[in-house]
Each structure stands twice: as C-alpha cells, then as structure tokens.
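Reading the structure
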Amino acid sequence: MAGSQKKKREVTEQSAFDYSLLLITMCLIGFGLLMIYSSSSYTAQVRFGSSTYFLKKQMFGVLAGLVVMFLVSKFPYKAYIKQLPLVRVRLVTILYWVAVMLQTLVLLVGDNRNGAQRWITVGPISFQPSEIVKFVVILITAYFIQRQPRKLGKFKGIVMSFLPASVLIILIGKENLSTAIVVALITGGMCFVAAKEKRLYFLAIFMAVGAVALYIQFGDAFRMERIQVWMNVETHQKGYQILQGLYAIASGGLFGTGLGESMQKLGFIPESHNDMIFSIICEELGLFGAGIVMLMFIFLLWRILNTAMKAPDLFSSMICTGVMIHIAAQVVLNIAVVTNSIPSTGIPLPFISYGGTSIMFLMAEIGLVLGISSKCKST
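Quantities reported herein were computed from a predicted structural model and do not represent experimental measurements. (Residues numbered from 1 in each chain as written. Predicted model: local features only at pLDDT ≥ 70, side-chain atom pairs only at ≥ 80, totals over all residues. Heavy atoms only, no water.)

What you tend to see is this: most non-glycine residues have negative phi, and most peptide bonds are trans. Here asparagine 340, not a glycine, exhibits a phi torsion of approximately 60°, which is positive. Inspection of the secondary structure puts asparagine 340 in the loop between α12 (314-338) and α13 (356-373). Backbone geometry at phenylalanine 351 places phi at a positive 70°, although glycine is not the residue there. With respect to the helices and strands, the residue phenylalanine 351 is situated in the loop between α12 and α13. (Helix = DSSP H or I, 4+ residues; strand = E, 2+ residues; numbered from the N terminus.)

The full count for this structure, using the stated rule, is four salt bridges. Where lysine 265 meets glutamate 284, a salt bridge forms, and the shortest distance between an N and an O atom there is 3.4 Å. Within this pair, whereas lysine 265 is found in the loop between α10 (240-252) and α11 (277-310), its partner glutamate 284 is found in helix α11, the two being separated by 19 residues in sequence. By relative accessible area, which is 5% here, lysine 265 ends up buried. (Salt bridge = Lys/Arg side-chain N within 4 Å of Asp/Glu carboxyl O. Buried < 20%, exposed > 50% of the residue type's maximum accessible area, 1.4 Å probe, protein only.)

Pairs of packed helices are described in terms of their axes, by the angle between the two and the distance that separates them. Where α10 contacts α11, the two axes come as close as 7 Å, and the packing angle between them is 20°. Put simply, α10 runs roughly parallel to α11. Note on packing geometry: the crossing formed by α10 with α11 is left-handed. Taken together, the residues of α11 that come into contact with α10 (itself represented by Gly245, Ala248, Ile249, Ser251 and Gly252) are Ser279, Cys282, Glu283 and Gly286. In terms of residue class, the contact of α10 with α11 is built from three nonpolar, five polar and one charged. (Axes fitted to C-alpha atoms, helices over the stretch in contact; angles between N-to-C directions. Parallel < 35°, antiparallel > 145°, perpendicular 65-115°, else oblique. Left-handed = near helix turned anticlockwise from the far one by under 90°. Contact = heavy atoms within 4.5 Å. Nonpolar A, V, L, I, M, F, W, Y, C, P; charged D, E, K, R; others polar.)

Residue position: glutamine 58 is located in helix α3 (residues 53-74). Look past the residues within four positions of glutamine 58 in its chain and what remains in contact with it is Leu33, Ile36, Ser353, Tyr354, Gly355, Gly356 and Ile359.

Bringing the environment of alanine 364 into the picture now. Inspection of the secondary structure puts alanine 364 in helix α13. By relative accessible area, alanine 364 is classed as buried at 1%. Each C-alpha atom, one on alanine 364 and one on phenylalanine 70, is 8.1 Å from the other, the two residues being 294 residues apart in sequence. Beyond its immediate stretch of four places on either side in the chain, alanine 364 contacts Val68, Val72 and Phe135.

With respect to the helices, strands and loops of the structure, isoleucine 36 is situated in helix α2 (residues 19-48). When the C-alpha positions of isoleucine 36 and isoleucine 277 are compared, they lie 7.7 Å apart, and in sequence the two are 241 residues distant. Ignoring sequence-local partners within four residues, the contact set of isoleucine 36 consists of Ser41, Phe54, Leu55, Gln58, His273, Ile277, Ile352, Ser353 and Tyr354.

Here we take up the confidence of the model for the protein chain. Interpretation of this model should avoid reading the predicted coordinates in detail wherever pLDDT is low. Residues at a pLDDT of 70 or more form 91% of the protein chain, whose mean pLDDT is 85. Considering only residues more than four positions removed or in separate chains, one finds that residues 10-14, a stretch of pLDDT under 50, has four contacts. (pLDDT = per-residue confidence, 0-100.)

Nonpolar side chains in soluble globular proteins generally cluster together in the buried interior. Core analysis: the largest hydrophobic core is formed by 104 residues, its most contacted members being Phe297, Leu300, Ile304, Ile327 and Phe351. For leucine 300, the contacting residues outside a window of four places in its chain are Leu21, Ile24, Thr25, Leu28, Ile327, Phe351 and Ile366. (Core = buried A, V, L, I, M, F, W, Y, C linked by side-chain atoms within 4.5 Å.)

This is the structure we're talking about:
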C-alpha cells in the first residue's frame, strides 16, 4: 500500500513538469536561429566568407545551453541555499562572489568591442559576465526575500534585499547602464511582488528614476547624446541605425517582404542580427509575424507565471518571478528601442538575438523554472 502511494506521488511529480514551457522555449530558440541566419547571412559572407558564420556560433551557444538547461533543471533548487558541508558556505553565496569577481575583472581587463568593454576572453572562449550576473541576482534576491518576507514593506527590509544586487548593479553600470537597469528591475520587481506593503517601493522608483536622470544629465556625455538622438532621429548624424530600423518596419507592412528578402540587412542596419533583429522580423514577416513573436513571448511568460503561482515555497516562487521579470523587461525594452519609443540601449531580444552567453544563461533560467515545475502539485 505504501509503495503504491509512493508510485502515485512520483507520477504526480512527473506529470507536473511543464512541457508547454519547454516547447515554447524551443520554438523561440528555433525561430531565433532562423532569423539570425536570415539577418546575418549577407554580413557573414562579406566579412568571413561564409553565410552561416554567425548561425554556427549561435548553434554552439544553443547546444551548450541545452546541456546547462538540463543540468540546472535536475539540480535541486533548495541546494542553492543550503550550506556546503566542507566549506560551510551556501552555494548561492559562492555564485554571488564569483559574479562580483567576474564583473570587476571585466572592468579591469575586459575586451573592448565597438567602444564597449563587456567581454572576457579565455583562449577561444569569449563571454559576457553581465549575463551571468542576471542569473545570480535572481537566486541571491530570492534567497534574501525568503529569509525576511514580512520585512519587505519596511525600509530596512528593502535595503537588506537590495544590498547584494546593488553591488553588482553599480559594477555593471560602469560598463553598461541599460543592463544595470535590467538587473535593478529584476531585483526591484521581485521585492515589489513579495511585499505586502508597497508604498515605499513607489518612493524608491521615483528616487531611482531621478538618480538615472541626474546620471544621464551630469555624467557621461555619451548618455545625453542617446537622448538627443532619440528626440531627433531623422536629423541627428548618429540616428542612422534607428532610422534604418524604422524603414525596415515600415517596408514590411502587414505580411512582410518574405523570409530572407530584407533589404535593410544588406549593410543598412549594422549588426542586424543583434539588438535590431526585431526590425528584420517586421520587414520580412510583417506586423503579422511580429505579432506572432509577441504572442509566443506572452505564452512563455504565462507558463512561467503559472509555475510561480504553483511553486511549493516562497524561494522557488521568487525564482520564477525573477526569470519572468527578466525576460519581460528585455522584450519590452528591445522592442521599445527598435520602434524608437525610448532612447537606444544595448538590450538583446531574448532567445532570438545573436549572443552565445545570453542564450546559454537564459536557458539556464528556464532550467530553474522547469526544475521547480516538476516539484509543483499537478491539478
């Protein structure tokens, strides 16, 4: 009798695994590979003599991401906050200090590409520590939230929950303000969702917006120039890329020019397979295709939200919330930049834009959610 009950529990756990989330993730990744090839084939042929150059590199990132996603999904999420027996330190603490070290290292000896110092190169491998930071911030913030959930509406509770992430936000802000904003949104969003009393958060948002505005106004002139480009995209000499992206969106119409038939990718939009890939989607597949992509993201976020609501404890629920906020923030910011709704930032479109480190750690985050979904009670 006891064996029968145990078997039923195992079946229940297996049936709770979110295959819908896995399927929509793979659909987005597959679509991303297709669009990376379509948008980069001309540039890759001209620069490297092979139209599949960027596609092959992205496929390597996807394959590595599949391995990482599988391993993370099988790793017990509670082990992140348990003390390791030999060193008596929590795994999440080790990951946090590794992230701090890597983020400091990139500021000191990181590679400078296109005026941005965001990469660390070790032999043939190059990666962005800021992508690792997003993964770690979700875990460390979820850990601090589950330690003091009743204090999140008070000033001390907010400070304690933000303190670990704030160090990383400051370090990232020195290299990439837009990524720092995403990390701040992840942390703030997780605390806001968990807090019962939310008045202090509205004050914190007001102060944060003011601080960013002052930094842009009196800090690096490069930031203020982005505002000027945004306000005068048709006349500013550095508004070329955004303007060409808008031309691509406009020329796509309702159903697009056809897959692979983009004109703007032929050198008019630099690095069209990166942050501006959504404009190529709009040009080749039209507003209809772009709408399908947005619906796919909405379905993905809904599946993550579903797991967050069914999660067995606060820690796992906050992990899912952090993953959802991260993906949603990047989707909204990327599309807003491409459509010139906000000043230009270097935020990729999740699962679709080119970037090996980005796709690998996004898949690691999905692995976290899939692992938690397998522990949810099926209904």
